[in-house]
Amino acid sequence: MIQVKDIQYAHLRLPYNLQYFADGPDKTEEPTAKKLSDARMEGQVARSNELTSASGLAVLFISLKLFSGYIGNQFMETYVKGFQNIDKYTGEEFSIAIISALLRDAFLDILMICLPIFVFAVAVAFVVVLFQVKWKISLKTMAPKFSKINPFTGFKKIFSKDKVVEIVIEVMKIIVISLIAYNTLKDEWEMLFQLYDMKLEQAILLVGNLVINLGLQISLIFLVIGVGDLIYQKLKFKKDMRMSKQEVKDEFKNSDGDPQIKGKIKQRMREASMRRMMQNLPKADVVITNPTHLAAAIQYDKESSSAPVLLAKGADHLAEKMKEIARENQIEIVENKPLARMLYYNVEIGEEIPSELYQMTAEVLAYVYGLKNQAV
């Protein structure tokens, strides 16, 4: 029963739509090849930036470990060269231009020493990216998207699951760096306090080995984290690409329902069927015509079938083509209007002759076999 107070306050109620409280369609279906291809063209692929950075970092420290002796000697030569150049200006006014020239020369020397290692590290990082996403250039990722500068979209991403995963990875990296640095430095702490008593070469060698070993340990742990992140990204991408049953139906309908696509498919099927039919025509025992508009080719092989089989049929131009091929292969052409019409309209290519046409077909075949026996 409707109460009076319900009517009195009905205008104060807020309208709502139940569809806002319903869950979206369940995406349980695997993505189709078209959706994966479209996503690839949009630049959506499963890749781990953590693995790429860790690979470049690992290669950098491995190169430093292998070529530390050569790099150290080159730095020492640069150091000596710099002071020798300073000696050249003894007694002269030491201007800013001179200092700039000395620093520029030293910077170029250091750059040439480090450049091969950095280039190699970048090349390895590029190969790792290529391994993850394969080679396919997409310019759509470079196109500006207004959704990226939308404050509401950005605010939503802050509290997204992906952002939580990124935060967890960064926290893990900080913890790993802290633990490795602590375990490495605690055994070398006394030695570090004695640096001021060492010669320059010894101090550089000690600090260099310490930094390289620390970097190697950190980069290897980062590689493990990167591999885990790659596995997560692949699983996430696979889940994001899933489709609902309705999406699969719509995509199939859109692709299959295109008249141009359907027309091309039917045309290719007709062409393929025509080629097979013409290839099988020389095997026929007889070509039956009506005589100008229709033609039907029959073969009877007791070992492969219990009844004669229709190898080919055609009308107008195709019928003329069939008769040409029959003459070239010395196949008998028999005029029988009723049989030609019934075969053309009632029997499909590759099918056996129906029992209703056995008598008429047998008469034609008997006639053809008789002609062959006379020729022999």
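Residues numbered from 1 in each chain as written. Predicted model: local features only at pLDDT ≥ 70, side-chain atom pairs only at ≥ 80, totals over all residues. Heavy atoms only, no water.

Let's talk about helix α13 (residues 337-346)
Going by this rule: Type-normalised accessible area, obtained with a 1.4 Å probe on protein chains alone, sets the label of each residue: buried when under 20%, exposed when over 50%, and partly exposed for intermediate values. By definition, any uninterrupted DSSP run of H or I lasting at least four residues is a helix, any uninterrupted run of E lasting at least two residues is a strand, and each is numbered from the N terminus. Note that the arc is defined by the directions from the helix axis to the C-beta atoms. Polar contact criterion, stated in full: a pair of N or O atoms within 3.5 Å, where within protein one must be able to donate a hydrogen and the other to accept it, and residues adjacent in sequence count only if both atoms are side-chain atoms.
Of the positions making up α13, those classed as buried are L339, A340 and L343. In a view along the axis of α13, the buried residues occupy a sector of 100°, so they form one face of it. When the buried face of α13 is taken as reference, the exposed residues oriented beyond 90 degrees from it are Y345 and N346. Measuring from the backbone nitrogen of L339 back to the side-chain oxygen at the start of α13 gives 3.2 Å, which picks out N336 as the cap.

Description of a positive patch on the surface
Heads up, the condition is: Put simply, a patch holds well-exposed residues, over 30% relative accessible area, that have no salt bridge, with like charges counted together within 9 Å and Val, Leu, Ile, Met, Phe, Trp or Tyr side chains within 5 Å. Only the protein chains shown count as cover for residues, and all accessible areas are computed by the Shrake-Rupley method using a 1.4 Å probe. Salt bridges are defined as contacts in which a side-chain nitrogen from Lys or Arg sits within 4 Å of a carboxyl oxygen from Asp or Glu. In summary, the charge assignment counts Lys and Arg as positive and Asp and Glu as negative, without counting His or the chain termini. Here the site of a charge means NZ on Lys, CZ on Arg, CG on Asp, or CD on Glu.
A cluster of basic side chains, namely K161, K238, K239 and R242, defines a positive patch on the protein surface. Relative to the assigned elements, K238 resides in helix α9 (residues 200-240). A relative accessible area of 43% places K238 in the partly exposed class.

Here's the deal with a nonpolar patch on the surface
Taken together, the side chains of F107, L108, L111, M112, L115 and V119 define a hydrophobic patch exposed on the protein surface, amounting to about 570 Å² of accessible area. With respect to the helices and strands, L115 occurs in helix α5 (residues 96-133).

Thoughts on the packing of helix α3 (residues 49-66) against α5
Rules: Here an axis means a line fitted to C-alpha atoms, over the contact stretch when the element is a helix, while the angle between two N-to-C directions is reported on a 0 to 180 degree scale. Note on convention: the crossing is left-handed when the near helix lies turned anticlockwise from the far helix by less than a right angle, right-handed when the turn is clockwise. In what follows, a contact means two residues having at least one pair of non-hydrogen atoms within 4.5 Å. Throughout, the ten residues Ala, Val, Leu, Ile, Met, Phe, Trp, Tyr, Cys and Pro are labelled nonpolar, Asp, Glu, Lys and Arg are labelled charged, and all others, Gly among them, are labelled polar.
Two elements in contact, α3 and α5, have axes separated by 8 Å at closest approach and are oriented at 145°. Considering how the two elements wind past one another, α3 and α5 form a crossing that is right-handed. Every residue of α5 that contacts α3 at L51, T52, S55, G56, V59, L60, S63 and L64 is listed here: I117, F118, F120, A121, V124, A125, V128, V129 and Q132. Residue composition of the contact of α3 with α5, grouped by class: 12 nonpolar, 5 polar and no charged.

Section: the pairing of strand β1 (residues 286-289)
Rules: Here, strands pair whenever DSSP counts at least two bridges between them.
The side-chain alternation of β1 yields two buried faces, one formed by V286 and I288 and the other by V287 and T289. Bridge count between β1 and strand β2 (residues 294-299): 4 bridges; the pairing is antiparallel. Each residue of the ladder has a partner; that of V286, found in β2, is I298. As consecutive antiparallel partners, β1 and β2 are separated by 4 residues. With 4 bridges connecting them, β1 and strand β4 (residues 332-335) associate as parallel partners. Note on β4: the bridge partner recorded for V286 is E332.

Describing the pairing of strand β3 (residues 309-315)
Here β3 lies mainly inside the structure; 6 of its 7 residues are buried. Relative to β3, β2 runs antiparallel, the two being bridged by 6 bridges. When the bridges of β3 are listed, L294 appears paired with A315.

Quick notes on the side chain of K173
By secondary structure assignment, the location of K173 is in helix α7 (residues 161-185). Within the local environment of K173, its side chain forms a polar contact with the side chain of E50, the two groups lying 3.0 Å apart. Each residue touching K173, except ones within four places of it in the same chain, is listed here: E50, F222 and I225.

A closer look at the confidence of the model for the protein chain
The line we're drawing: A residue's pLDDT is the confidence the predictor assigns to it, expressed on a 0 to 100 scale.
The pLDDT averaged across the protein chain works out to 76; a share of 80% of its residues lies at or above 70. Confidence scores differ between elements of the protein chain, with helix α1 (residues 4-8) showing the lowest mean pLDDT of 46 and β1 the highest of 90. Segment residues 1-7: pLDDT under 50, and 2 contacts once partners within four positions in sequence are set aside and those in other chains are kept. Taken as a whole, residues 16-23 scores under 50 in pLDDT and shows 1 contact with residues more than four places along the chain or in a different chain.

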